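# Inside the fold
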Amino acid sequence: MKITGETQVVGVFGDPVAHSLSPLMHGAAFEKLGLNWVYVPFHVKPQHLGSAVEGIKAMGLRGVNVTVPHKVHVMQYLDEIDPEAQLIGAVNTIVNRDGYLVGYNTDGAGFVRSLNEEGQADPAGKNILLLGAGGAALAIGAALARAGAKRVSIANRTVQKAAAMAQAISDFVDSEPFDSEALPLDQDDPQFQQAAEQADIVVQCTSVGMYPHHDVPPIVSPDLFRPHALVADIVYVPRETSMIRAARARGCSVLTGEGMLAYQGAIALELWTGMPAPAAEMLSTLRRHLTPV
Ligand code: ATR
């Protein structure tokens, strides 16, 4: 690509940032769309976060992604926070609307789009089981509830965290009929077994199975799930986690984690440009560059 006087700039703020695949993914998308835009990695240290955000306005960046460790702290510097990002308590995308900065979190919507487009599944009216109650689980649970899920059951090692999350998601959707519940993440627990047996969609939202600690059994046995359930894992290195392999062996349909990564980027790009993102291009670029394990 050629940088000209009219090139529009977006990017990512992170510390570290050199490992980020987003510049390649968004670069491929801009090329496909024929847009004179560039996506730049910005290595922003925590002590400079406030001035870096000021810099978005000062230098007319169209927006940025925000990654570790800035997703929470960046919120204080923004003019407005989207309600879903407010609920999650973290921002991964900033849009510069003529000097007015709005923070979004596209992770949950990214998961739902991956579920729709790659998994060919609609969460509306479905029973969902989330394994884990961290930030990723909250983003996914809120987005699934907003997409019309009938029930979101949250199973976590620390049940109190699942209970707080179940309540937060219920308050967020505030629509009938919607149900949420908290469970122990324990395959010997009858309540967990019942939720596992009833789930149409199961999402593994913990870091268990992530490289380099990938040589572990699935966090719970997929033998507890319906053979026709859809099982998703948010871990994307390795592409095929032990959960994905075991769920496939059970006969379940499976959804690997890199789709969520590609689609959260696609939604960010749509917020910045107002154009439909070439999501297939973004996903294939990501797949080409992810570390094979
Ligand atoms: P993230 O923001 O990426 O979701 P997080 O907030 O640290 O990360 O949450 C990690 C999730 O993985 C939590 O649900 C955590 O369970 P606890 O709340 O009980 O800590 C879960 N988790 C991590 N390691 C786990 C393990 N070995 N067994 C079970 N759950 C685990």
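In what follows, the accompanying structure is described. Just so it is clear, the structure is predicted and the values come from calculations on it, not from any experiment.

Turning our eyes to something else, we now look at the sheet that holds strand 12 (residues 253-255). The strand order 9-8-7-10-11-12 describes an open sheet built from six strands, whose pairing is parallel. In the strand order of this sheet, the two ends are held by strand 9 (179-184) and strand 12, each with one partner. Between one strand axis and the next, the sheet turns through 20 degrees on average, direction left out of account. Pairing of strand 7 (residues 127-131) with strand 8 (residues 151-156), which is carried by five bridges, proceeds in the parallel orientation. Across the sheet, Ile 128 pairs through a bridge with Val 152, a residue of strand 8.

Inspection of the entire model under this criterion finds three aromatic pairs. Judged by centre distance (6.1 Å) and plane angle (50 degrees), the ring pair of Tyr 39 and Trp 272 falls under tilted. Residue Tyr 39 is found in strand 2 (residues 37-43), and its partner Trp 272 is found in helix 9 (residues 258-273); the two are separated by 233 residues along the sequence. The class for Tyr 39 is buried, based on a relative accessible area of 6%. The buried category is assigned to Trp 272, whose relative accessible area is 4%.

Omega for the peptide link from Asp 15 to Pro 16 comes to 10 degrees, which places this bond in the cis form. In this chain, Val 68 is followed by Pro 69 through a cis amide linkage whose omega measures 5 degrees. As for its position among the elements, Pro 69 is in the loop between strand 3 (63-66) and strand 4 (80-81). Although it is not a glycine, Asp 98 sits at a positive phi angle of roughly 50 degrees. Residue placement: Asp 98 occurs in the loop between strand 5 (93-97) and strand 6 (100-104). Its relative accessible area of 84% is what places Asp 98 among the exposed residues. One non-glycine residue, Gln 120, lies in the positive phi region at around 50 degrees. Locating Gln 120 in the fold gives a position in the loop between helix 4 (107-117) and strand 7.

What counts, and where the lines are drawn
Residues numbered from 1 in each chain as written. Predicted model: local features only at pLDDT ≥ 70, side-chain atom pairs only at ≥ 80, totals over all residues. Heavy atoms only, no water. Pairing = 2+ DSSP bridges. Helix = DSSP H or I, 4+ residues; strand = E, 2+ residues; numbered from the N terminus. Axes fitted to C-alpha atoms, helices over the stretch in contact; angles between N-to-C directions. Phe/Tyr/Trp six-rings, centres within 6.5 Å; stacked < 30°, edge-to-face > 60°. Buried < 20%, exposed > 50% of the residue type's maximum accessible area, 1.4 Å probe, protein only.

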